[in-house]
Amino acid sequence: MGVAIIGTGNVSFHLIRGFLGSGVSIDMVYGRSKEKLREFEREFAVPVSDDFSNHVQSEVYFLAVKDSAIAEVAGWFRGKPLLHTAGAIDIEVLSFYTDIYGVFYPFQTFRREYEIDWSKVPIFLETCCKDFDQKLRGIAERLSKNVHFLSTEKRRYLHLSGVLVNNFVNHLLYHTKRLLEEKGLKFEWTFPLLEQTLENIRLFDPYVIQTGPARRGDLVSMTGHQRLLKDNDLLKDIYNVLSHSILRLYNEEPGENVD
Ligand SMILES: NC(=O)c1ccc[n+]([C@@H]2O[C@H](COP(=O)([O-])OP(=O)(O)OC[C@H]3O[C@@H](n4cnc5c(N)ncnc54)[C@H](OP(=O)(O)O)[C@@H]3O)[C@@H](O)[C@H]2O)c1
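Structure report, in brief. Everything numeric in this text was worked out from a predicted model, so none of it was measured.

Things to note about the environment of Gln57
Alright, step 1. Within the element layout of this structure, Gln57 appears in the loop between β3 (48–49) and β4 (60–63).
Alright, step 2. Counting along the chain gives 53 residues from Gln57 to Ala4, while the straight-line C-alpha distance between them is 8.6 Å.
Alright, step 3. Ignoring any residue separated from it by four or fewer positions in sequence, one finds Gln57 in contact with Asp27 and Lys80.

Here we look at the sheet that holds strand β1 (residues 2–6)
Alright, step 1. Within the open sheet, the 8 strands sit side by side as β3-β2-β1-β4-β5-β6-β7-β8. Their pairing is mixed. Each edge of the sheet is formed by a strand with only one pairing partner; in this case those strands are β3 and β8 (147–149).
Alright, step 2. The pairing of strand β7 (residues 123–127) with β8 spans 3 bridges and is parallel. Opposite Ile123, over in β8, you have Val147 as the bridge partner.
Alright, step 3. Helix α4 (residues 130–141) contacts β1, β4, β5 (82–84), β6 (101–106), β7 and β8 of the sheet and is inclined by roughly 160 degrees relative to β7.
Alright, step 4. Here helix α5 (residues 152–182) sits on the sheet in contact with β5, β6 and β7, set at roughly 20 degrees to β6.

Regarding the site of the ligand
Alright, step 1. Every one of the 22 residues lining the ligand counts as a neighbour, but Thr8, Val11, Lys36, Asp67 and Phe110 are closest to it.
Alright, step 2. Side-chain polar atom of Lys36 to an oxygen atom of the ligand: 2.5 Å apart, as the coordinates give it.
Alright, step 3. In this structure, Val65 approaches the ligand through a main-chain N or O atom, which is 3.2 Å from an oxygen atom.
Alright, step 4. Those elements that provide at least two residues to the shell around the ligand are α1 (10–21), α3 (70–74) and β6.
Alright, step 5. Of the residues belonging to the shell around the ligand, the class tally is 9 nonpolar, 8 polar and 5 charged.

Each value, and the rule that gives it
Residues numbered from 1 in each chain as written. Predicted model: local features only at pLDDT ≥ 70, side-chain atom pairs only at ≥ 80, totals over all residues. Heavy atoms only, no water. Helix = DSSP H or I, 4+ residues; strand = E, 2+ residues; numbered from the N terminus. Contact = heavy atoms within 4.5 Å. Pairing = 2+ DSSP bridges. Axes fitted to C-alpha atoms, helices over the stretch in contact; angles between N-to-C directions. Near = heavy atom within 4 Å. Polar contact = N/O pair within 3.5 Å; in protein donor to acceptor, adjacent residues only side chain to side chain. Nonpolar A, V, L, I, M, F, W, Y, C, P; charged D, E, K, R; others polar.

Okay, here's the thing in structure tokens:
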């Protein structure tokens, strides 16, 4: 079994590492940057090419390029079995370029800086045609047994949920780290709390285990926090939006205005 990968970014990097580690050969890595291709060649000892018209024989071609470039790059690989890896892009964008196409959406955050344990990554597939389902499942299962078929419409919601649980939480952690360090406090002191939060949501519905001043309707504490954030408009806005959401959810009458 062999696959071709187009793109030299974060997802390509981890796809190559994952496939090589599970016995799938990489027939070619395509990219537009000679420098990045050389890096991939050194790191993985795989064939590389910056010539998108030089097509090798391969079971599938992964288009792991930025969302807005998927259609353009698909145009270079007309007639090949094409997959894109995006959460928010319609499968049908590929139908203009080939008869065999699909989506391979790994629901995880990828950056080259950290390791990925593919066996824990849920992979969401969508295909053009029944005949392609088994082949794509077979490829995905070389990386993870947590493989599901999902329509474009549902995948968009899943992608949105990824933004909420990863991108937004990470952004909150960015602000938290800055705030604590500015005051000479250690960000690491939040880790046990973060770990407990993760533990809790595995066991209970988030609605049930919500705590904090907004949950209790404790406007005195909230006003105190707002005072602490008086010079930090961005974080104050985030604090207010989330506090209002919690107040409204847990109080029949919307809470008193805390601005
Ligand atoms: N990162 C994640 O956490 C994640 C998770 C799931 C799915 N995805 C999806 O996976 C895909 C790739 O994401 P990524 O994070 O790997 O992105 P990335 O690290 O930013 O890499 C994007 C790649 O696309 C290439 N590219 C951009 N425009 C191009 C063009 N016009 N022609 C040819 N190549 C072009 C870039 O080439 P240059 O380096 O030369 O600019 C780079 O190799 C996206 O569809 C994304 O939605 C990402």
